[in-house]
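Single-letter residue listing:
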Amino acid sequence: MAHKTYLITGASRGIGRVTTLELAERGANLILVGRDTQRTEQAAQEALALGAAKGTTVTTVIADLSHLKDVARAAQEILESCAKLDALINNAGAIFDRHIRTADGIENTFALNHLAYFALTLRLLPLIQRAPQGRIINVASRAHEGAQIDLEKIVDGRPYHPWKAYQASKLANILFSRELASRLKGTAMTVNALHPGFVATQFGHGGARWMSWFLRLARPWMINEEQGAKTSVFLAVDDAVANISGAYWVKCTQSQPSLEAQNNELARALWNLSVSLTGLDLPSTRHQPV
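Here's what I pulled together on the structure shown here. (Residues numbered from 1 in each chain as written. Predicted model: local features only at pLDDT ≥ 70, side-chain atom pairs only at ≥ 80, totals over all residues. Heavy atoms only, no water.)

1. Here we look at the packing of aromatic side chains
Here's step 1: Tallied over the entire structure, the rule returns five aromatic pairs.
Here's step 2: Arranged with centres 5.6 Å apart and planes meeting at 55°, the rings of Phe118 and Phe176 form a pair that is tilted. With a gap of 58 residues between them, Phe118 in helix α4 (residues 108–130) and Phe176 in helix α5 (residues 162–183) connect regions that are remote in the sequence.
Here's step 3: You can call Phe118 buried: its relative accessible area is 0%. (Phe/Tyr/Trp six-rings, centres within 6.5 Å; stacked < 30°, edge-to-face > 60°. Helix = DSSP H or I, 4+ residues; strand = E, 2+ residues; numbered from the N terminus. Buried < 20%, exposed > 50% of the residue type's maximum accessible area, 1.4 Å probe, protein only.)

2. A closer look at the layout of surface pockets
Here's step 1: One number sums up the size of the second largest pocket: a volume of about 410 Å³.
Here's step 2: In terms of lining, the second largest pocket is formed by 20 residues, of which the most central are Gln148, Pro159, Lys164, Ala165 and Ala168.
Here's step 3: Taken together, the elements giving at least two residues each to the lining of the second largest pocket come down to α4 and α5.
Here's step 4: Among the elements that take part in the lining of the second largest pocket, α5 stands out by supplying five residues, more than any other.
Here's step 5: A per-class count over the lining of the second largest pocket returns eight nonpolar, seven polar and five charged. (1 Å grid on protein atoms, 1.4 Å probe; cavity = no way out; pocket = protein on both sides within 12 Å on 5 of 7 lines; lining within 4 Å. Points joined across faces, edges and corners; volume = space filled by probe spheres on them. Nonpolar A, V, L, I, M, F, W, Y, C, P; charged D, E, K, R; others polar.)

3. Quick word on the packing of α4 against α5
Here's step 1: Interaxial distance between α4 and α5 falls to 7 Å at its minimum, and their mutual angle equals 20°. Relative to α5, the element α4 is oriented roughly parallel. Relative to α5, α4 is oriented so that their crossing is right-handed. On α5, the residues that touch Thr109, Asn113, His114, Tyr117, Phe118, Thr121 and Leu122 of α4 are Ala165, Tyr166, Ser169, Lys170, Ala172, Asn173, Phe176 and Leu180. (Axes fitted to C-alpha atoms, helices over the stretch in contact; angles between N-to-C directions. Parallel < 35°, antiparallel > 145°, perpendicular 65-115°, else oblique. Left-handed = near helix turned anticlockwise from the far one by under 90°. Contact = heavy atoms within 4.5 Å.)

4. Focus: the pattern of salt bridges
Here's step 1: Using the criterion set out here, one finds 10 salt bridges in the structure.
Here's step 2: Here Arg17 ties to Glu46 by a salt bridge, and the two come within 2.7 Å at their closest N and O atoms. Taken together, the residues Arg17 in helix α1 (residues 14–25) and Glu46 in helix α2 (residues 37–51) connect sequence positions 29 residues apart.
Here's step 3: The exposure class of Arg17 is partly exposed, given its relative accessible area of 23%. (Salt bridge = Lys/Arg side-chain N within 4 Å of Asp/Glu carboxyl O.)

5. Concerning the nonpolar core
If you look at soluble globular proteins, the nonpolar side chains tend to sit buried side by side.
Here's step 1: In terms of nonpolar packing, the biggest core is built from 90 residues, with Leu7, Leu30, Ile78 and Leu124 touching the most fellow members.
Here's step 2: Ranked by residues supplied to this core, first place goes to α4 with 14 residues.
Here's step 3: Residues within four places of Leu7 in sequence aside, it is in contact with Ile31, Val33, Ile78, Leu85, Ala87, Leu88, Ile89, Leu120 and Leu124. (Core = buried A, V, L, I, M, F, W, Y, C linked by side-chain atoms within 4.5 Å.)

6. Concerning unusual backbone geometry
Here's step 1: Here the residue pair Arg158 and Pro159 is connected by a cis peptide bond, since its omega of -5° sits within 30 degrees of zero.
Here's step 2: Along the chain, Pro159 turns up in the loop between β5 (135–139) and α5.
Here's step 3: For Cys252, which is not glycine, the phi torsion reads 65° and is therefore positive.
Here's step 4: Considering the arrangement of structural elements, one finds Cys252 in the loop between β7 (247–250) and β8 (253–255).
Here's step 5: With relative accessibility at 26%, the residue Cys252 sits in the partly exposed group.

Printed below as a string of structure tokens:
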């Protein structure tokens, strides 16, 4: 892990924070992206304390990833300060109890849970490309099962239903992973998506009341944050997955996502929509090891 650099979004709480601490204990250099300055700095201090003996370094970048301008600014900061990325862990996500449009005119769930993954990944691809074996890890969810994506309505997000919007965004994570893996074929970079499990975190609290109520009732059947972070850490560091790309993982094991998540035509259409919304597309992927 010495001299390896990992970027985690949503690093200040839940499985993002635990992933951060697990990687810090292994001596990784970390870049933590979070929206809340105080929580992100606190996670950074915890990581530094855990990794001090192994030389861990931690950088924080504060950004609201639901805004494309903030994604661009954060990415530029990272591009200017970082030589390479051994793994990008797209973890930030949320569910919202009401219809909200971002400053870009995009429904908030789709903007944060999918477009942020897409835009940040494409902007940081030159750094991932410079690693000997760069990994892109997208935290999705089993919630994608049964989901549908209507590409003509998903940007506006109406009619809005919190759970359906969340399901569609998690389906988008897997479709994005699948399409990006296909486009990166022949490079040393890999892309994988994962379901972290039904995790007892603060996710969903403070937003939709029904979601908070449901999570309180379901807590006895939920796993803890340490268990929830295992697959993210596994995909980031394990040599066994070094050459596997385009897969979906549950409990550190390859699994089959829904049939809709295996729809290549839908994956390409989602890619094209994302390009039109962000102005970003895949640059040259010629491998440039450091």
